[in-house]
Amino acid sequence: MTFSLVRGLLRSDVVRAILLVVLALLIAQALPARAQQQDPLRAVLVSPGVWALVGPIGGPSRDNHALNATYGVIATPEGTILIDSGAAAQGARLLTDRAQQLTGQPVRWVINTGSQHHRWFGNEQLRKGGAQVIAHARTVQTQRTLAAGQATELQTLLGDRFDGTMPAHADHVVEGARAGITLGGVRLELLDLGDAHFPGDVVVWLPATKTAFAGDVVYVERLLSLAPLSNGPSWLQAFDRLAALAPAQIVPGHGAPTNLDVAQAQTGAYLRFVTAGVARHAKEMAGVEAALAELGNAPAFAALANYDPLHRVNVNRAYLRAEAANQ
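Residues numbered from 1 in each chain as written. Predicted model: local features only at pLDDT ≥ 70, side-chain atom pairs only at ≥ 80, totals over all residues. Heavy atoms only, no water.

A. Structural detail: the environment of glycine 91. As for its placement among the helices and strands, glycine 91 is situated in helix α3 (residues 89-103). Here glycine 91 is in contact with His65 and Leu67, once residues within four sequence places are set aside. (Helix = DSSP H or I, 4+ residues; strand = E, 2+ residues; numbered from the N terminus. Contact = heavy atoms within 4.5 Å.)

B. Focus on the pairing of strand β3 (residues 70-76). Within β3, six of the seven residues are buried, which leaves it mostly tucked inside the rest of the structure. Bridging between strand β2 (residues 50-54) and β3 involves five bridges; their strand directions are antiparallel. Pairing of tryptophan 51 across the sheet is with valine 73, part of β3. For β3 and strand β4 (residues 79-83), the ladder comprises five bridges, and the chain directions are antiparallel. Paired with glycine 72 across the two strands is isoleucine 83, which belongs to β4. Hairpin geometry of β3 and β4 is characterised by an intervening segment of two residues between the two adjacent antiparallel strands. (Buried < 20%, exposed > 50% of the residue type's maximum accessible area, 1.4 Å probe, protein only. Pairing = 2+ DSSP bridges.)

C. Seen up close, the side chain of threonine 267. Assignment of secondary structure puts threonine 267 in helix α8 (residues 260-283). Classification of threonine 267 by relative accessible area gives buried; the value is 0%. Excluding anything up to four places from it in sequence, threonine 267 contacts Val217, Val218, Tyr219, Leu224, Trp235 and Phe239.

D. Just the packing of aromatic side chains, in detail. All told, the structure shown has five aromatic pairs when counted by the stated rule. Centre to centre, the rings of phenylalanine 121 and phenylalanine 162 are 6.1 Å apart; their planes meet at 40 degrees, and the pair counts as tilted. On the criterion of sequence distance, the pair formed by phenylalanine 121 in the loop between α4 (117-120) and α5 (123-128) and phenylalanine 162 in the loop between α6 (137-158) and β7 (172-174) is long-range, its members being 41 residues apart. Pair check on accessibility: phenylalanine 121 and phenylalanine 162 agree, each one buried. Centre to centre, the rings of phenylalanine 273 and phenylalanine 301 are 6.0 Å apart; their planes meet at 50 degrees, and the pair counts as tilted. Of this pair, phenylalanine 273 sits in helix α8 while phenylalanine 301 sits in the loop between α9 (288-295) and α10 (307-326); the two residues are 28 residues apart in sequence, bridging distant segments of the chain. (Phe/Tyr/Trp six-rings, centres within 6.5 Å; stacked < 30°, edge-to-face > 60°.)

What follows is the structure in structure tokens.
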């Protein structure tokens, strides 16, 4: 084969395409395993030096590392603050990597806003990396109660992606309705506004910019879940207390960063609809079927993700709690 013929082959589109495929395969094989993991997080700038890492609004799965929630990243002159640590060691490493890519600094602190597993089961991984874990005393109390059951749930859900995960609680515990703390020169407050999705849910408040990392007090884009431990009336009170602060921006526990009007429409209004409706039926001891007959169809909220599997369950649980409170 002559030199000119070889050169002609190398110039052909087919050969170039083959070479590109081979090169891509070689690069993929050279990447560390962690870099090849599916990353379910979308970074959204909230304000200068503050981001949300928005996970899927569906359910937790192995594919999404059970990171079906929204997390927060705050840059400080002395390091990065991470809001919530994920559901397992692998998920925590993803969160850490993304946070450090955004800020260019290591994660030095992680704050837990709640006790559902995707808020805190990555604590030990963050601690191994040198971060201090911070939480409210009431949050830690609920975490301790739920740890064993959540570990079993996550092991089943995540399989080998749960390997190396151990539940760990805060190194620094705060108390009170409004606990102030300064990290890297940034002033924060942990607000205990009342039990919400879980007992001990808190809001991380940045008073300088009136930014709320609302944790599971606020859901947008998807319907909230009244879980077995949720307290609808208390949750509504917590939401109203947050609203009274007139936050300029809200990073919800689920969904993209938003404003108070959207949060009111998708969280506050829904809680009001369900809790007021079931309270009336429970006072009359009308029964859960009567409550479902009136409240089971809620077109104002039907466009929210997860409406079909969650709404009637929410009404059922809220009614039974209200009925028990009346006895």
